[in-house]
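Structural characterization, general
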Amino acid sequence: MKLLRRHGIILLASLLLTACSQSSSDKNQSGDGQKLIVGATMLSMQNEFIVNVHDEMEKKAQEMGVELITVDAERSALKQIEQVESFIAQKVDVIIMNPCEVEASSPAVTKALAANIPIVNVNSETSAKPSAFVGSDDVESAKIALKFLAEKLGGKGNILMMQGYMGQAAQIKREQGAREILKQYPDLKLIAQQTAEWDRAKAMSLMENWIQSYGSQVNAVFAQNDEMGLGAVKALTAAGLKNKVIVVSIDAIPDALQAVKKGELDATVFQNAQQQGAKAIETAVKIAKKQPFDKETLIPFQLVTKENLAKFQ
């Protein structure tokens with residue numbers, strides 16, 4: 001009798017342990033007990049900042065016990081739509097999209113929502129409204145950069161603007177922010193603007209062309225991201241002009257922070273890849289589990305100069 005009772009206690013304890021372990025592992029499972037699956041399509045895995053955002057998404061997904069399937073849209077909105085269609089066919093629980101373009105990537109949002117699959121835009125926007133957006137206000141980043149230039153130049157001088165991939169939200173909004181500040185400084189002249197598609201080598205080549213065209217007329221360069229800012233710095237340094245031209249860019253990637261430390265890049269604007277990536281996954285999980293979530297999560301930008309650099313390294 002005692003033996004049976006002891007066996008019963010052991011059996012009850014093992015059942016309780018199983019139930020506990022199941023409840024902890026079920027935390028991030030869908031209604032049918034399966035592990036939550038999130039499909040992510042990223043603008044370009046050749047872009048360091050986007051890779052940083054994705055690394056944080058991966059880290060957070062592992063931490064939360066979520067399966068993350070990632071594909072690279074390689075800057076193609078058409079490819080991105082096809083990737084979202086594939087996620088729909090795979091019946092993922094949530095889609096995270098880092099949009100290639102405001103308009104051209106919008107059908108992907110419409111298709112996901114029509115298939116009753118929530119979609120979260122991270123870092124960049126579409127005109128079609130997703131279930132949620134996690135990122136930063138790109139207008140603000142350009143305002144911070146241009147205010148820095150205006151102060152450094154004493155409100156007077158000639159500026160060149162390197163644009164990102166045309167039609168992408170960051171390019172549109174960073175241009176808008178720059179122009180809002182330029183309106184406040186009538187003696188700051190935007191003498192040329194052109195895309196270098198977020199790319200360091202293309203930016204170096206563009207800066208070389210601008211040096212040929214404008215030479216000593218140039219007082220400052222605003223590059224809409226660090227990759228382009230670093231390309232501009234390289235060309236200006238090679239031409240012996242860097243000490244006469246102020247360069248500011250956006251993102252605060254490690255290479256840019258090093259360049260600020262060395263005095264090559266005058267400033268960068270910190271965009272928090274870690275928070276964008278982590279919060280995109282957290283938001284996706286909340287939506288999948290039908291928990292309350294924020295429709296918009298905006299993470300502030302911060303100016304980085306030699307003076308406050310230590311905070312960002």
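Per chain, residue numbering runs from 1 following the sequence as it is written. Two thresholds apply to this predicted model, a pLDDT of at least 70 for residue-level local features and 80 or more for giving and counting side-chain atom pairs, whereas whole-chain, interface and lining totals are computed over all residues. The side-chain figures draw on all heavy atoms in the structure; neither hydrogens nor water molecules are used.

A closer look at the packing of helix H7 (residues 200-214) against helix H8 (residues 226-238)
Think of two packed helices as two axes; the pair is described by the angle between the axes and how far apart they sit. It is the contact of H7 with H8, at a shortest axis distance of 7 Å, that shows an interaxial angle of 45°. For the element pair H7 / H8, the angle class is oblique. At the point where H7 passes H8, the crossing takes the right-handed sense. Listed contacts from H8 to Arg200, Ala203, Met204, Met207, Glu208 and Ile211 of H7 are Glu227, Met228, Leu230, Gly231, Ala232, Lys234, Ala235 and Leu236. For this classification, the nonpolar set comprises Ala, Val, Leu, Ile, Met, Phe, Trp, Tyr, Cys and Pro, the charged set comprises Asp, Glu, Lys and Arg, and every other residue, Gly included, is treated as polar. A class-by-class count of the residues in the contact of H7 with H8 yields nine nonpolar, one polar and four charged. Note on method: axes are straight lines fitted to C-alpha atoms, helices fitted across the in-contact stretch only, with angles between N-to-C directions ranging 0 to 180 degrees. Strands are runs of DSSP state E lasting at least two residues, helices are runs of H or I lasting at least four, and both sets are numbered from the N terminus onward. By the definition adopted for this analysis, an angle is roughly parallel if under 35 degrees, roughly antiparallel if over 145, roughly perpendicular if from 65 to 115, and oblique otherwise. Here a crossing is called left-handed whenever its near helix is offset anticlockwise from the far helix by less than a right angle, and right-handed whenever the offset is clockwise. Contacts between residues were defined by any pair of non-hydrogen atoms, one from each residue, lying within 4.5 Å.

Examining the sheet that holds strand S5 (residues 132-135)
The strand order S2-S1-S3-S4-S5-S11 describes an open sheet built from six strands, whose pairing is parallel. Strands at the two margins of the open sheet, each flanked by one partner only, are strand S2 (67-72) and strand S11 (296-298). The average angle at which neighbouring strand axes cross in this sheet is 20°, direction not considered. When DSSP finds two or more bridges between a pair of strands, those strands are recorded as paired. Across four bridges, strand S1 (residues 37-42) lies against strand S3 (residues 94-97) in parallel orientation. Bridge assignment links alanine 40 to a residue of S3, and that residue is isoleucine 96. Sheet contacts for helix H4 (residues 106-114): S3 and strand S4 (119-122); angle to S4, the most-contacted strand, approximately 155°.

Considering the packing of helix H5 (residues 138-152) against helix H6 (residues 169-184)
Across the interface, H5 lies against H6 with an axial gap of 7 Å and an inter-helix angle of 40°. Our classification of the angle between H5 and H6 gives oblique. As H5 runs across H6, the sense of the crossing is right-handed. In this structure, H5 contributes Asp138, Val139, Ser141, Ala142, Lys143, Leu146 and Lys147 to the contact, and H6 contributes Ala170, Lys173, Arg174, Gln176, Gly177, Ala178, Glu180, Ile181 and Leu182. Taken together, the residues that form the contact of H5 with H6 break down as seven nonpolar, three polar and six charged.

Some points on the sheet that holds strand S8 (residues 220-223)
Strand order across the open sheet formed by six strands is S7-S6-S8-S9-S10-S12, with mixed pairing between neighbours. In this open sheet, the two edge strands, each paired with only one partner strand, are strand S7 (188-195) and strand S12 (302-304). Ignoring strand direction, the axes of neighbouring strands in this sheet form an average angle of 20°. Pairing analysis gives four bridges linking strand S9 (residues 246-251) to strand S10 (residues 267-270), with the strands arranged parallel. The residue of S10 that forms the bridge with isoleucine 250 is valine 269.

Regarding the nonpolar core
Grouping buried Ala, Val, Leu, Ile, Met, Phe, Trp, Tyr and Cys residues that are joined through side-chain atoms within 4.5 Å yields what is termed a nonpolar core. Here's how the labels work: a residue is buried when its accessible area is under 20% of the maximum for its type, exposed when over 50%, partly exposed in between, all with a 1.4 Å probe on protein chains only. In terms of nonpolar packing, the biggest core is built from 63 residues, with Met57, Ile96, Val120, Met162, Met207, Val221 and Leu236 touching the most fellow members. Formed by 22 residues, the second largest nonpolar core is a distinct cluster that contains Leu146, Phe148, Val248 and Ala267.

Regarding unusual backbone geometry
At aspartate 251, a position not held by glycine, the phi torsion is positive, near 130°. Considering the arrangement of structural elements, one finds aspartate 251 in strand S9. Take aspartate 251: its relative accessible area is 7%, and that puts it in the buried class. Even without glycine at this site, alanine 252 takes up a positive phi of about 60°. Within the fold, alanine 252 resides in the loop between S9 and helix H9 (254-262). In this structure alanine 252 comes out as buried when scored by relative accessible area, which is 9%.

Points about the pattern of salt bridges
Note on definitions: salt bridges are taken to be side-chain nitrogens of Lys or Arg within 4 Å of carboxyl oxygens of Asp or Glu. Tallying each qualifying case throughout the model produces 14 salt bridges. The closest approach of N and O atoms between arginine 174 and aspartate 251, which form a salt bridge, is 3.8 Å. Of the two residues, arginine 174 sits in helix H6 while aspartate 251 sits in strand S9, which places them 77 residues apart along the sequence. Of the two residues, arginine 174 and aspartate 251, neither departs from the other in class, the shared state being buried.

Notes on the packing of aromatic side chains
Here is the rule: rings of Phe, Tyr and Trp (six-membered ring for Trp) pair when centre to centre is within 6.5 Å. Planes less than 30 degrees apart are stacked, more than 60 are edge-to-face, and the remainder are tilted. In the structure shown here, the tally under the stated rule is one aromatic pair. Between phenylalanine 270 and phenylalanine 312 the ring centres are 5.1 Å apart and the planes differ by 55°, which places this aromatic pair in the tilted class. With a gap of 42 residues between them, phenylalanine 270 in strand S10 and phenylalanine 312 in the segment after S12 connect regions that are remote in the sequence. Exposure class is identical for phenylalanine 270 and phenylalanine 312. Each is buried. The criterion for a charge sitting over a ring is simple: Lys NZ or Arg CZ within 6 Å of the ring centre, and within 35 degrees of the ring normal. In this structure, arginine 75 packs its charged tip against the face of tyrosine 165, placed 5.8 Å from the ring centre.

Purely spatial values, then, with no claim about function.
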